[in-house]
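Here is how the chains run, residue by residue.
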Amino acid sequence: TDIQATLGAHNLTLSSGLPDPPPVDPSLRPGGTTRSVFDINYRDQYAMNFNVNIQKQLGRDYMVELAYVGSRGRQLTLKTDQNQAPPVLGVTNENVNRPFAGVSPALRIVGTAQSSGYLDYNALLFKGVKRFSNGFSALVSYTLGRTIDLVSDNDGTVSLTNIRDPEYDRGPATYDVRHTLVTSFIYELPFARQHVLG
């Protein structure tokens, strides 16, 4: 016996296979929005990290450290619109100014992945340590950092405001944390110093 199923408006008989797909008319020009175009010059992303630090011991139990830390990301993925209309004063319908309007008037956004994004992280770190002695130790660490990138939010939608001027979107990253202070202290209670619970 044949198994029959209903798919949308079609009754299918599995023994006869699936119906042919609807014909594609090659004379029709593309329209709407695309999401999966890759720039022909797309390159792999890479990152560089570097740091330099100076440590100084003060007395027997204290140490201070000053450090610079940097990181750079290059050729990061950006989603752009290769069919973005340039702003023209007095034009109310941007679709007439899209670059591909003459070839395909119904084509709108051409979402293109490009490897033109970047990020720069620079930070100055200070750390002070009191080593454990006399039942007490302490750590104080402070970081003054800055992260600059070209469009932090790149979740698959077109991310640049103006593809002709990418630097317009350059600025502090959404994940930028300017000041970070971390402290920790350990104090051993005097009555527990010689005890197993200590």
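Residues numbered from 1 in each chain as written. Predicted model: local features only at pLDDT ≥ 70, side-chain atom pairs only at ≥ 80, totals over all residues. Heavy atoms only, no water.

(A) Fine view of the overall build of the protein chain. The helix and strand tally for the protein chain stands at 0 helices and 9 strands. Listing the helices and strands of the protein chain from first to last along the sequence gives β-β-β-β-β-β-β-β-β. Residues classed as buried in the protein chain amount to 28% of the 198 residues present. The long-range share in the protein chain, meaning contacts at least 24 apart out of those at least 6 apart in sequence, stands at 66%. Of the roughly 14100 Å² of accessible surface on the protein chain, a fraction of 58% belongs to carbon and sulfur atoms. (Helix = DSSP H or I, 4+ residues; strand = E, 2+ residues; numbered from the N terminus. Buried < 20%, exposed > 50% of the residue type's maximum accessible area, 1.4 Å probe, protein only. Contact = heavy atoms within 4.5 Å. Areas by Shrake-Rupley, 256 points an atom, 1.4 Å probe, with all protein chains shown as cover.)

(B) Representation of the side chain of Ser71. Looking at the element boundaries, Ser71 is found in strand S5 (residues 62-81). Excluding its chain neighbours within four sequence positions, the residues that come into contact with Ser71 are Met48, Asn49, Phe50, Leu119, Asp120 and Tyr121.

(C) Just the environment of Leu107, in detail. With respect to the helices, strands and loops of the structure, Leu107 is situated in strand S6 (residues 107-133). Judged by its relative accessible area of 9%, Leu107 is buried. Spatially, the C-alpha atom of Leu107 lies 8.5 Å from that of Thr34, the residues being 73 residues apart in sequence. Not counting residues within four places of it along the chain, the set of residues in contact with Leu107 comprises Pro30, Gly31, Gly32, Thr34, Asn83, Arg98 and Phe100.

(D) The pairing of strand S4 (residues 46-58), seen in detail. Among the 13 residues in S4, 0 count as buried, and that is only a small part of the element. As judged from the 13 bridges shared by S4 and S5, these two strands associate in the antiparallel manner. The partner of Phe50 across the bridge, within S5, is Gly70. Here S4 hands over to S5 after 3 residues, with Gly59 in that stretch at a positive phi of 65°. (Pairing = 2+ DSSP bridges.)

(E) Examining the side chain of Thr80 more closely. Within the element layout of this structure, Thr80 appears in strand S5. Here the side chain of Thr80 touches Gln82 through a polar contact of 2.9 Å, side chain to side chain. For Thr80, the contacting residues outside a window of four places in its chain are Val110, Gly111, Thr112, Gln114, Val158, Leu160 and Ile163. (Polar contact = N/O pair within 3.5 Å; in protein donor to acceptor, adjacent residues only side chain to side chain.)

(F) Seen up close, the pairing of strand S7 (residues 136-150). Looking at chain direction, S6 and S7 are connected through 13 bridges and run antiparallel. The partner of Ala123 across the bridge, within S7, is Gly145. The antiparallel pairing of S6 with S7 creates a hairpin that spans 2 residues between the two strands, and Asn134 there sits at a positive phi of about 55°. The sheet contact formed by S7 and strand S9 (residues 179-187) spans 9 bridges and is antiparallel. Each bridged residue has a counterpart across the sheet, and for Leu139 the counterpart in S9 is Ser184.

(G) Focus on the nonpolar core. Membership of the largest hydrophobic core is limited to 5 residues, which are Leu78, Tyr118, Leu150, Val151 and Leu160. Apart from the residues lying within four places of it in its own chain, the contact partners of Leu160 are Leu78, Lys79, Thr80, Gln84, Leu150, Val151, Pro166 and Asp169. (Core = buried A, V, L, I, M, F, W, Y, C linked by side-chain atoms within 4.5 Å.)

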